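Below are the chains, spelled out letter by letter.
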Amino acid sequence: MLPRVLPQAIRSKNRRMEELSLAVPRVHLPTVFSANSLRQDAPRERRCRPYNGAVRRHAPIVFILAIAALARYWAIDFCLPSTLCRPDEEAVVAVATSFFNRHYNPHFFDWPSLFMYEVALGMVPLFKIGRWIGWYRSEAHYLQMMVLDPTAVYLTARVLSAAAGTASVWVLYRIARRLYGETTALVAALFLALAFLHVRDSHFGVTDITATFLVLVSFLFVIRYWLLGSGREWLAAAFTAGLATSTKYNAALIALPLLWVVITRRDARPLATRIGQAALVPAVMFLAFFMTSPFAVISYPELMKSLGEISSHLSQGHGVNLGRGWIVHLSSSLRYGLGIPLLAAGIIGLLLGILGKPSTFAQCASADKKGLRPRDGVMVAIFPITYYLVIGSGYTTFARYILPVVPFLALGAALIVSQVKRPALMWAIALIIIAPSAWSVFQFDRLLARTDSRVLAENWVMEHYPNGALIGEIGRGSTKLHFVPPQPGVPSPYKSLAVDEDPGEPDILVVPISLFDPTAQVSAPAMLLKQRYLPAHTVRAQDLAATGVVFDWQDEFYLPLTGFAAIERPGPNYEIYVRPDP
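S.K.: I keep staring at the layout of surface pockets and nothing clicks. Help me out?
M.R.: In this approach the atoms are scanned with a rolling probe the size of a water molecule, which exposes any empty space left behind. There is about 690 Å³ of room inside the largest pocket. Around the largest pocket sit 27 residues that line it, and Trp111, His313, Phe398, Arg400 and Tyr401 are the ones nearest its centre. Taken together, the elements giving at least two residues each to the lining of the largest pocket come down to helix 15 (300-316) and helix 18 (374-391). Element by element, the count of residues in the lining of the largest pocket is highest for helix 15, at six residues. Considered class by class, the residues forming the lining of the largest pocket number 13 nonpolar, six polar and eight charged.

S.K.: Is there a simple way to explain the environment of Ala288 in this structure?
M.R.: Considering the arrangement of structural elements, one finds Ala288 in helix 13 (residues 271-292). Here the alpha-carbon distance between Ala288 and Gly242, two residues 46 residues apart in the chain, equals 4.9 Å. Those residues within four positions of Ala288 in sequence are excluded, and the remaining contacts are Phe239, Gly242 and Leu243.

S.K.: Is there a simple way to explain the sheet that holds strand 4 (residues 534-539) in this structure?
M.R.: The pairing of strands in a sheet happens through backbone hydrogen bonds and is either parallel or antiparallel. Taken together, the five strands give an open sheet; going across it, the order is 2-1-3-5-4, and neighbouring strands pair in mixed fashion. Because the sheet does not close on itself, it has two edges, and the strands there are strand 2 (494-498) and strand 4. Shown here is a sheet whose adjacent strand axes are inclined to one another by a mean of 25 degrees, direction ignored. In terms of strand pairing, strand 4 meets strand 5 (residues 573-578) through five bridges, oriented antiparallel. Note on strand 5: the bridge partner recorded for Pro535 is Tyr577.

S.K.: Looking at this structure, how should I read the state of the cysteines?
M.R.: By definition, a disulfide links the sulfur atoms of two cysteine residues through a covalent bond. Counting across every chain of the model gives one disulfide. In this model Cys79 forms its disulfide with Cys85; the gap between the sulfur atoms is 1.5 Å. An identical accessibility class is assigned to Cys79 and Cys85; each is buried.

S.K.: Which parts of the structure should I look at to understand the pairing of strand 1 (residues 469-473)?
M.R.: Each regular strand shows side chains that alternate between the opposite faces of the sheet. Most of strand 1 is tucked away: four of the five residues are buried. Where strand 1 lies against strand 2, five bridges are found, and the strand directions are parallel. In the sheet register, Glu473 faces strand 2, and the bridge partner there is Ala498. Bridge count between strand 1 and strand 3 (residues 508-513): three bridges; the pairing is parallel. Among the inter-strand pairings, Glu473 is bridged to a residue of strand 3, identified as Val510.

S.K.: In this structure, what is going on with the packing of aromatic side chains? I would like to understand it.
M.R.: To describe a pair of aromatic rings, you give the distance between the ring centres and the angle between the ring planes. All chains considered together, the criterion is met by 21 aromatic pairs. With a centroid separation of 6.3 Å and 80 degrees between ring planes, the pair formed by Phe78 and Phe557 is classed as edge-to-face. Here Phe557 lies in the loop between strand 4 and strand 5 and Phe78 lies in the loop between helix 3 (59-73) and helix 4 (89-98), a separation of 479 residues in the sequence. Its relative accessible area of 4% is what places Phe78 among the buried residues. You can call Phe557 buried: its relative accessible area is 3%. Geometry around Phe204 places Arg86 over its ring, the cationic atom sitting 4.5 Å from the centre. A cation over an aromatic ring shows up here: Arg158 above the ring of Phe78, its NZ or CZ 3.8 Å from the ring centre.

S.K.: How should I be thinking about the pattern of salt bridges in this particular structure?
M.R.: Pairing between side chains becomes possible if they bear opposite charge and their charged atoms approach one another. Taken as a whole and assessed by the stated rule, the structure comprises 16 salt bridges. Residue Glu505 is joined to Arg532 by a salt bridge in which the shortest nitrogen-to-oxygen separation is 3.3 Å. With Glu505 in the loop between strand 2 and strand 3 and Arg532 in helix 22 (residues 524-532), the pair connects residues that are 27 residues apart, well separated along the chain. Accessibility expressed as a relative area gives 40% for Glu505, which makes it partly exposed. You can call Arg532 partly exposed: its relative accessible area is 46%. In this structure, Arg540 and Glu568 form a salt bridge, with 2.5 Å as the shortest nitrogen-oxygen distance. Here Arg540 is found in the loop between strand 4 and strand 5, whereas its partner Glu568 is found in the loop between strand 4 and strand 5, with 28 residues between them in sequence. Taken together, the shared-partner salt bridges in this structure form one network comprising Arg86, Asp88, Asp208, Lys248, Arg400 and Asp555.

S.K.: Is there a simple way to think about the nonpolar core in this case?
M.R.: It is characteristic of soluble globular proteins that their nonpolar side chains tend to be buried jointly. Judged by nonpolar contacts, the single largest core of 85 residues is most densely connected at Ile175, Phe191, Leu258 and Leu411. The element best represented in this core is helix 10 (residues 208-228), accounting for twelve residues. Non-local contacts of Leu411, meaning those with residues more than four positions away in its chain, are made with Leu172, Ile175, Ala176, Leu179, Tyr180, Ala188 and Val380.

S.K.: In this structure, what is going on with unusual backbone geometry? I would like to understand it.
M.R.: Excluding glycine, residues mostly have negative phi values, and the peptide bonds linking residues are mostly trans. Residue Pro81 is bonded to the preceding Leu80 through a cis peptide linkage, with omega at 15 degrees. Structurally, the position occupied by Pro81 is in the loop between helix 3 and helix 4. Of note, Asp88 is a non-glycine position whose phi angle comes to about 85 degrees, a positive value. Relative to the elements of secondary structure, Asp88 occurs in the loop between helix 3 and helix 4. In this structure, His107 is a non-glycine residue whose phi angle is positive, near 50 degrees. Mapped onto the elements of the fold, His107 is located in the loop between helix 4 and helix 5 (114-133).

S.K.: How should the environment of Ala211 be read in this particular structure?
M.R.: Here Ala211 shows up in helix 10. For the pair Ala211 and Thr247, spaced 36 residues apart in sequence, the C-alpha to C-alpha distance is 5.4 Å. Setting aside residues no more than four positions away along its own chain, Ala211 makes contact with Ala244, Thr247 and Lys248.

S.K.: Looking at this structure, how should I read the side chain of Asp201?
M.R.: Mapped onto the elements of the fold, Asp201 is located in helix 9 (residues 196-202). If we skip the residues at most four places from it in the chain, Asp201 touches Ser161, Ile209, Arg400 and Leu403.

S.K.: What is the right way to read the packing of helix 8 (residues 182-193) against helix 20 (residues 423-448) from this model?
M.R.: A pair of packed helices is characterised by two quantities: the angle between their axes and the separation of those axes. The contact between helix 8 and helix 20 brings their axes to 10 Å, and the two run at 20 degrees. In terms of their interaxial angle, helix 8 and helix 20 are classed as roughly parallel. Seen along the crossing, helix 8 lies across helix 20 with a hand that is right-handed. Facing Thr183, Leu186, Val187, Leu190 and Phe191 of helix 8, the residues of helix 20 in contact are Met426, Trp427, Ala430, Leu431, Ile433 and Ile434. Residues of the contact of helix 8 with helix 20, tallied by class, amount to ten nonpolar, one polar and no charged.

Parameters at a glance
Numbering of residues starts from 1 in each chain and follows the order in which that chain's sequence is written. Where totals are concerned, whole chains, interfaces and linings use all residues; where local detail is concerned, this predicted model gives features only for residues with pLDDT of at least 70, and gives and counts side-chain atom pairs only at 80 or more. The side-chain values count all of the structure's non-hydrogen atoms but skip hydrogen atoms and water molecules. Here the term cavity refers to a set of points on a 1 Å grid, laid over the protein atoms alone, in which a 1.4 Å probe fits but cannot get out; the term pocket refers to an open set having protein on both sides within 12 Å along at least five of seven lines, with lining residues being those that place an atom within 4 Å of a point. Grid points are joined across faces, edges and corners, and a volume is the space filled by probe spheres set on the points. Secondary structure counts use DSSP, requiring at least four H or I residues in a row for a helix and at least two E residues in a row for a strand, with both numbered from the N terminus. Here the nonpolar group is Ala, Val, Leu, Ile, Met, Phe, Trp, Tyr, Cys and Pro; Asp, Glu, Lys and Arg are the charged ones; every other residue, Gly included, is treated as polar. Whether two residues are in contact is decided by their heavy atoms: any pair within 4.5 Å suffices. A pair of strands is treated as paired once DSSP finds two or more bridges between them. Convention adopted: a line fitted to C-alpha atoms gives each axis, helices being fitted over their contacting stretch, and angles between N-to-C directions are expressed from 0 to 180 degrees. Put simply, a disulfide is two cysteine sulfurs that come within 2.5 Å. Three labels apply to residues, based on accessible area from a 1.4 Å probe with only protein chains included: buried if under 20% of the type maximum, exposed if over 50%, partly exposed otherwise in between. In this analysis, rings of Phe, Tyr and Trp, with Trp reduced to its six-membered ring, are considered paired at centre separations within 6.5 Å, and the interplanar angle assigns stacked below 30 degrees, edge-to-face beyond 60, and tilted for intermediate values. Lysine NZ or arginine CZ positioned within 6 Å of the ring centre and within 35 degrees of the ring normal marks a charge as sitting over the ring. Salt bridge, as used here: a side-chain nitrogen of Lys or Arg that lies within 4 Å of a carboxyl oxygen of Asp or Glu. Put simply, buried Ala, Val, Leu, Ile, Met, Phe, Trp, Tyr and Cys residues joined by side-chain atoms within 4.5 Å make one nonpolar core. Note on terminology: angles under 35 degrees are roughly parallel, angles over 145 are roughly antiparallel, angles of 65 to 115 are roughly perpendicular, and the others are oblique. Here a crossing is taken to be left-handed if its near helix is turned anticlockwise relative to the far helix by less than a right angle, and right-handed if that turn runs clockwise.

Now the structure itself:
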């Protein structure tokens, strides 16, 4: 009896062990005591990733970010201590400095206040460190020193802008990785890192680059909400859209892709619920705007007056009439700011995305997604297209106005390039596309690092007239010389006199000449004065006989968008004349 029962018991035991082995993960005996091997061998939950595989090596993106930072921080102290070399920086610095008087209402609403508050906050560590070292006795003394030499405030604004420009490359990388994969993300980051217009304006302590950065952050949260459907991502997208608006009013258009996703995203919510959620987007944006630019709401009449002036300024133009922005930005700002290859690839990429042509779209939002559908391409392209149509409708065509479109063009171009299957060929094409823009970046930074002609002219005057002088100047405000007072409360011994109408009898006559303003005429009184005075010194910055030099014609910045070979240093040429009877 026993011999018959024993095999049955063994077979029954073996069957139970087999069933148990199917339910329990297998562990290799040689690695049973290794916690890492247990995690590696155990079955993983299958997770949908928004990019093609895990990123195991961060070296490529770190290298690209290093290039982006180098391009943006090179010559960040250009032209200082002269403070008139970049238009609008002086307004940012003046408002930011005024906050130290405990007057937090800027009474200036041509731009929202967030960036100015950010600059003022960045000045606080300088004051704390300086007071600890002994440079400053009090906040009042600190303000006196800032008025005497605002170099530190200008640098603070510029460093913050360059940081936002570098961080924009990282955010675009995150966006592209979630949408199209690691390869496309790296190409997009490279394109933005060396996009000349973006690099150029990252040197300037004004609001445009920070607004572009916040636009990208908001769009990243839009993508996350589109993929995950989380209310937290929706709230973050709306809130950061409000922060972007609090930096630059026209950045409010970044709400459009969020509204598009809220309405069209496929889920179980009824349409009425989606419409209600879309109606909450402006409310969340307003909350963020009010928290960071409160006096724009409190001083509502001042805000409306400024908005009216801004609208009139945009529609009527600034200085020379170049035509509507639709033409100028395409034929000049973007053409020279990105280069024709990058611009063309970016436009084609955005349009093909709308048509649903590329097939590398991450399959994460739904199991049945096959490639990039037109509805998803609209999500990517709705902001840059709408922004271009709105900002290009007027006659004020500063190149910096089109900056928020640049990262999306870099993304579209990367989507096209990444369709090439052979990595070596793909990167060769990417380098060819970015080469014109990268060369402009190198030429711009190289020239920007040279001493500005305005600084050279100021140094010559101080060397030859150490006890002060009356200086007669003609031309634009951006060509005027700037002399730092010797100490707080003591006026500068150098006085400026406009000689366009009343020539007077200045000790020195300064005449600027530039390719930026080739048709400028010296007034008759100034010409008579020039004929009576003796030529004493010349500062050369440009080859006035050169052709093919294109400036940002409405913005008084003396480095061009193209034609760098004709430029020796920033600033105009100067002819300095002195009285015959010193």
